[in-house]
Each structure stands twice: as structure tokens, then as C-alpha cells.
Amino acid sequence: MTVTDTVTEIHTTASIFASLDAESFPRGILDEGSKREIRRATLAAVCVPGYQVPFGSREMPVARGWGSGGLQITLGLLGGDDTVKVIDQGDDDGVNATNLRRLIVDSEHCAQTQDTRDCTVVQSRHRIPEEPLNDAQVLVLQVPVAEPLRGVQKSVSECARMHAEADYSMIWVSLYEDLVRNGVITKTTGYPVLVNGRYVMVTTPIPRWDVPRLNNAASLTLFGAGREKRIFAVPPYTRVEPLSFDDVPFEVEGDTS
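A brief report on the enclosed structure follows.

Basis of the calculations
- Residues numbered from 1 in each chain as written.
- Predicted model: local features only at pLDDT ≥ 70, side-chain atom pairs only at ≥ 80, totals over all residues.
- Heavy atoms only, no water.
- Phe/Tyr/Trp six-rings, centres within 6.5 Å; stacked < 30°, edge-to-face > 60°.
- Helix = DSSP H or I, 4+ residues; strand = E, 2+ residues; numbered from the N terminus.
- Buried < 20%, exposed > 50% of the residue type's maximum accessible area, 1.4 Å probe, protein only.
- Axes fitted to C-alpha atoms, helices over the stretch in contact; angles between N-to-C directions.
- Parallel < 35°, antiparallel > 145°, perpendicular 65-115°, else oblique.
- Left-handed = near helix turned anticlockwise from the far one by under 90°.
- Contact = heavy atoms within 4.5 Å.
- Nonpolar A, V, L, I, M, F, W, Y, C, P; charged D, E, K, R; others polar.
- Pairing = 2+ DSSP bridges.
- Core = buried A, V, L, I, M, F, W, Y, C linked by side-chain atoms within 4.5 Å.

### Notes on the packing of aromatic side chains
Geometry of an aromatic ring pair is reported as the spacing of the ring centres plus the angle between the planes.
Okay, step 1: Within this structure, the stated rule accounts for 5 aromatic pairs.
Okay, step 2: Aromatic side chains Y51 and Y199 sit 5.6 Å apart centroid to centroid with 50° between the ring planes, which places their arrangement in the tilted category. Taken together, the residues Y51 in the loop between α2 (32-47) and β1 (53-54) and Y199 in strand β7 (residues 199-202) connect sequence positions 148 residues apart.
Okay, step 3: Judged by its relative accessible area of 36%, Y51 is partly exposed.
Okay, step 4: Aromatic pair Y176 and F245: ring centres 6.4 Å apart, planes at 75°, arrangement edge-to-face. Here Y176 is found in helix α6 (residues 169-182), whereas its partner F245 is found in the segment after β10 (240-242), with 69 residues between them in sequence.
Okay, step 5: Here the aromatic residues W172, Y176 and F245 are joined through ring pairs into a cluster of three or more.

### Notes on the packing of helix α3 (residues 68-77) against helix α4 (residues 95-108)
Okay, step 1: With their axes 10 Å apart at the nearest point, α3 and α4 run at an angle of 30° to one another. In terms of orientation, α3 lies roughly parallel with respect to α4. By crossing handedness, the relation of α3 to α4 is classed as right-handed. Counted together, L71, T74 and L75 of α3 and L100, L103, I104, S107 and E108 of α4 form the full contact between these two elements.
Okay, step 2: Considered class by class, the residues forming the contact of α3 with α4 number 5 nonpolar, 2 polar and 1 charged.

### Brief notes about the sheet that holds β7
Okay, step 1: Judged by pairing direction, the sheet is antiparallel, and its 3 strands sit side by side in the order β7-β6-β10 without closing on themselves. The open sheet has two edge strands, β7 and β10, and neither has a second partner. When strand polarity is set aside, the average angle formed by the axes of neighbouring strands in this sheet is 35°.

### Some words on the nonpolar core
Okay, step 1: The biggest cluster of nonpolar side chains holds 33 residues, and the ones touching the most others in it are I171, M201, F223 and F232.
Okay, step 2: Contributing elements (two or more residues each) for this core: β5 (138-142), α5 (156-164), α6, β6 (192-195), β7, β8 (220-225) and β9 (230-234).
Okay, step 3: Contacts of F223, omitting those with residues within four sequence positions, involve I73, L141, V143, M201, V202, T204, L214, R230, I231, F232, A233 and V234.
Okay, step 4: I73, V86, I104 and A233 belong to the second largest nonpolar core, which has 25 residues in total.

Spelled out as C-alpha cells, the structure:
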């Protein structure tokens, strides 16, 4: 083979790869293998409400603790026909919300909106949208701390045992001590709830004000913790009960009734 033939073959091969790249869908932040793993973990979380499903959390173009878990779930769920809405502290126009929305749209080539009624996926930090979601919509929440037992038990293996045996007595003792010490339960974000009568789940990052909206909600709610590599979910029309005592009912912030 002459040098001319070799150069011609190289150019031919390069043109073939260029045409294939032009016809293929542009690759986003996550490859398809990563998206499939996230979808499998999400499906497992939906099948066992409140249970923390481990997944291979990837490095993202945002710092861990700034929504990498929620971002991965959103990227794994979105398709070309979806419309995404991103809110931060209940605001669509904040710096974090704007940057995340731009990042998601550029990666997945999906539509975007600021109207809750028009979106299929809502990614949120700290709040549940005021507009009630329907059963065709998915709410994705960014989670800084996934383990509800973290404040009372530091051992990871012991936390796993307590979840397996539904042993949540230490959480009840912690709530009782808070009540005795302060006269009220002072816990705000991350208020523990019992999901479907089985698993205690943490509701971080939403405030106590939004916790009742999880109960029997029509939409699917997904929680993603990037640092702790956990995904958990509340499926549509699932019972979510805030932990409270019979003589001290659960109250949201500012409720003086």
C-alpha cells in the first residue's frame, strides 16, 4: 500500500465517523449507561416507598452538596419530549435555578418552562411548588442528607439494621427530648415521616410547611442524594405521615391554631 492509498483510507474513515457523529444524538452530561443505572435505581425506589436505594453517583459539573443527586435523577429521566422546570427556594429566576435549568436544557435538548402546569419534570431545591402537581408530572428534590437516623446513630451498619427491623425508637426519643427541652418540636427541614406505614424517611430539603403536601400527592416525588449516593421515592397516592405524638399533633411553621 502506497502512502497515497494510506492517506486516502484515513480520510475515508474520518469522513465516515464524521457522518455518523452528525447523525447521532449529541451526548449530554451523562452517557446512556449511567442513565440506565439511575432509572433502575429509581424504579426500585418507587417499588419500595421510602427505602434508600444506592446508586453509582457520578461526578457532575456542580459541587457535591449543591444538587448533584437531584441533577442526576433529572438528567436520567428527561427525554426530548419532556419539559423541565427548575426552582430554587421557590424561585425560577434565582442564580442557581437559572444555571441548573440552562445546564439541563443544553445537555438533554428538552423544552423549559416557568409554568408548573406545563412541565413534566420539576427539579426543586427547598420547596414543593404551590401549584398542585398531577399524576403525569414528576417532582425531583435535591437532598443534602438522606439518612433520617444520622442525628441519633452514626454507624452506617447500625442504621441499616434499624431500618431493616423498623426500629425507630431513637428517633421518637429524639423528638420527645426536643419537645421536653423546648416545649415544641423545633425540627424544621428534614422532619421525619413514615412512608406507607413502613420506612421512616427524611423530608430534607423541604421545610415542615411543605411536608403535608407529600401525603397522598398525585405526582411522583423523587429524592436524590449525590454525596450519599442514595435515591428514594414517594410514589403517587402514597400515605406519608409526619412523626408526632397522640397528645402533640404535627403542626407546620406559623400555625397558631
